[in-house]
Each structure stands twice: as C-alpha cells, then as structure tokens.
Amino acid sequence: MPTPKTIAIRRLVPSEGAAYRQIRLEALKTAPDAFGSSYEAEAARDLSHFEERVASGCVFGAFDRGRIIGMVGFYQQSGAKQNHKGVLWGMYVAPGYRKSGAGRRLVRAVVSHATDLVDLVTLSVMTENQPAIALYSEMGFRTYGTEPRALKSATGYLDEALMIRDLN
Ligand SMILES: CC(C)(COP(=O)(O)OP(=O)(O)OC[C@H]1O[C@@H](n2cnc3c(N)ncnc32)[C@H](O)[C@@H]1OP(=O)(O)O)[C@@H](O)C(=O)NCCC(=O)NCCS
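Draft legend 1. Region of interest: the overall build of the protein chain. Of the regular secondary structure elements, the protein chain holds five helices and seven strands. For 168 residues, the compact-globule formula gives about 15 Å, and the C-alpha radius of gyration of the protein chain, at 15 Å, lands near that figure. Across its three principal directions, the C-alpha atoms of the protein chain cover 40 × 40 × 40 Å. With 168 residues in all, the protein chain has 42% of them scored as buried. In the protein chain, once contacts between residues fewer than 6 apart in sequence are set aside, the share between residues at least 24 apart is 64%. In the form shown here, the protein chain has an accessible surface area of approximately 9,100 Å², with 50% of it arising from carbon and sulfur atoms. With 21 positive and 17 negative side-chain charges, the protein chain shows a spacing of 5 Å between the two charge centroids.

Draft legend 2. Examining the environment of arginine 149 more closely. Turning to its location among the elements, arginine 149 is positioned in strand β6 (residues 142–153). For arginine 149, a relative accessible area of 54% puts it in the exposed group. As a C-alpha pair, arginine 149 and glutamate 160 span 11 residues in sequence and 7.4 Å in three-dimensional space. Setting aside residues up to four positions removed in sequence, arginine 149 forms contacts with Tyr157, Leu158 and Asp159.

Draft legend 3. Focus on the nonpolar core. Counting residues in hydrophobic clusters, the biggest one holds 49 residues, and the most contacted among them are Leu88, Met91, Val107, Tyr136 and Phe141. Excluding residues that lie within four positions of it along the chain, valine 107 makes contacts with Leu88, Met91, Leu135, Tyr136, Met139 and Phe141.

Draft legend 4. Local environment of helix α1 (residues 17–30). Taking 1.5 Å as the rise per residue, α1 with 14 residues should run 20 Å; its terminal C-alpha atoms sit 20 Å apart, in good agreement. Those residues of α1 that are buried are in contact with α2 (39–43), α3 (47–56), β2 (58–64), β3 (67–76) and β4 (85–93).

Draft legend 5. Region of the structure containing helix α5 (residues 130–138). Taken residue by residue, α5 has Ala132, Ile133, Leu135 and Tyr136 as its buried positions. Seen along its axis, α5 keeps its buried residues to an arc of 160°; they face one direction. On its buried face, α5 sits against β4, α4 (102–115), β5 (120–126) and β7 (156–166). Taken from the residues just after α5, glycine 140 is the one with a positive phi, measuring 95°.

Draft legend 6. Up close: the site of the ligand. Taken together, 21 residues form the shell around the ligand, and within it Met91, Lys99, Gly101, Arg104 and Asn129 come nearest. Valine 93 places a polar main-chain atom, nitrogen or oxygen, 2.8 Å from an oxygen atom of the ligand. Measuring from an oxygen atom of the ligand, one finds a backbone N or O atom of serine 100 at 3.1 Å. Here the ligand has 920 Å² of accessible area as a free molecule, and 77% of this is covered by the chains. Put simply, the parts of the chain that give the shell around the ligand at least two residues each are β4, α4, β5 and α5. When residues of the shell around the ligand are assigned to their parent elements, the largest contribution, six residues, is made by α5. Grouping the constituent residues of the shell around the ligand by class yields 12 nonpolar, five polar and four charged.

Draft legend 7. Spatial organisation of the packing of α4 against α5. Here α4 crosses α5 at 50°, and the two axes come no closer than 10 Å. With respect to their mutual orientation, α4 and α5 come out oblique. Both α4 and α5 take part in a crossing whose hand is right-handed. Of α5, the residues touching α4 (which contributes Gly103, Arg104 and Val107) are Leu135, Tyr136 and Glu138. Residues belonging to the contact of α4 with α5 are distributed by class as follows: three nonpolar, one polar and two charged.

Rules used throughout
Residues numbered from 1 in each chain as written. Predicted model: local features only at pLDDT ≥ 70, side-chain atom pairs only at ≥ 80, totals over all residues. Heavy atoms only, no water. Helix = DSSP H or I, 4+ residues; strand = E, 2+ residues; numbered from the N terminus. Rg over C-alpha atoms; globule rule 2.2 N^0.38 Å. Buried < 20%, exposed > 50% of the residue type's maximum accessible area, 1.4 Å probe, protein only. Contact = heavy atoms within 4.5 Å. Areas by Shrake-Rupley, 256 points an atom, 1.4 Å probe, with all protein chains shown as cover. Lys, Arg positive; Asp, Glu negative; His and termini not counted. Charge placed at Lys NZ, Arg CZ, Asp CG, Glu CD. Core = buried A, V, L, I, M, F, W, Y, C linked by side-chain atoms within 4.5 Å. Expected span 1.5 Å × (residues − 1). Arc of directions from axis to C-beta. Near = heavy atom within 4 Å. Polar contact = N/O pair within 3.5 Å; in protein donor to acceptor, adjacent residues only side chain to side chain. Nonpolar A, V, L, I, M, F, W, Y, C, P; charged D, E, K, R; others polar. Axes fitted to C-alpha atoms, helices over the stretch in contact; angles between N-to-C directions. Parallel < 35°, antiparallel > 145°, perpendicular 65-115°, else oblique. Left-handed = near helix turned anticlockwise from the far one by under 90°.

Here it is as structure tokens:
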C-alpha cells in the first residue's frame, strides 16, 4: 500500500517541541519495549526539554494534514575520531499509519541528511522487533552484532541487534 498522499516528511523546526513531545510520548506509551527510554521518565520532563532536543538535534516527523503521526531522530557523534559516525534513533509510526511506507520514508530522510555529514549510520533494535529489523534491512542496514541483555524491562531482559549502513 503506498503512503497516503496526505503524508509529508520533514524536519521539525525548533518551535515544534510540543509536536515532538506528543509523538515521542505516544511512541514510548504504545511501544514500550521498542525503546531504551520509558514513558514515565519522559512524561515527567518539561516542554523545554523537548524544545531543546529539537533545537539542538535533528528530528524528522511524518505529518498527515498537519498532525504528526511518526518520527525518527538522528545525531552525529562528537570527537575527531568518532564524528564520521551517525546514529538513527527513536523510529516510530502510529499504528493506524503502518505498513504504508511512512517508516521507509523516514529512514530515507535520515540517510539523505546523514550522507552529507557522516560515513556510516548505526542503530540498535530489539532482536524480537521483526517489523523494524525488516524495515532497516530493506533500507540497506546490516546486523554487525548483538548486545545480550541490553535492556531490562518489566517483562525481562531484551537483546539488541546492532545495525550499520555504510554511506560511502
Ligand atoms: C517499525 C515501524 C517504524 C515500521 O513503520 P512502517 O511505516 O509500518 O514501515 P513501512 O510501511 O515503511 O514498511 C517498510 C518495510 O518494512 C518492513 N516492515 C514494516 N512493517 C513490517 C511488519 N509488520 N512485518 C514485516 N515487515 C515489515 C517491510 O519490508 C516493509 O516493506 P513492504 O511494506 O513493502 O513489505 C513501525 O512498525 C513502528 O513504529 N513500530 C513500533 C515502534 C518501533 O518498533 N520502532 C523501532 C525502534 S528500533
């Protein structure tokens, strides 16, 4: 199914901290085992935290007629020996919009942005998260390792697959 024509992908601007807060908290609430952070930890933060994150970082949103329905983040590592690497984080598409290409378009936005900045992009994803692993694999990422017991949640330990995409 193609992405609905009403969906647009673009980078959030600094004034959109509230939109980032909305989609980030929805992600943490509806997919708690997909992320390293938790709803409880981030819901307690002020709006200024989210505004700062958007202003100082890089967050792309998927919007349906002005309403945010998905997101993905990117940052470049710091330091002369590590700033050739970027990290994709926080990937999420609202349940009603899945399997229609929005996730693919968000990853594409990160790769396009990262190509001018870094030589490679890494990410981590729970080994049980087959939809996300399938999406990243389709977008050129490959698994280079596994971190056993990377996270400990209410349901037990979770292993993370470590993935990389070379950009040059
Ligand atoms: C993972 C996620 C972002 C995928 O978003 P999406 O918009 O549904 O993805 P797309 O529609 O762009 O799918 C692109 C490709 O990914 C793969 N894929 C996506 N969902 C899949 C599923 N449920 N099962 C198998 N493969 C899937 C397929 O290869 C798909 O291509 P196809 O539709 O031609 O078969 C979405 O399921 C999600 O937000 N999940 C909860 C949060 C999460 O797990 N985030 C990842 C944290 S690392």
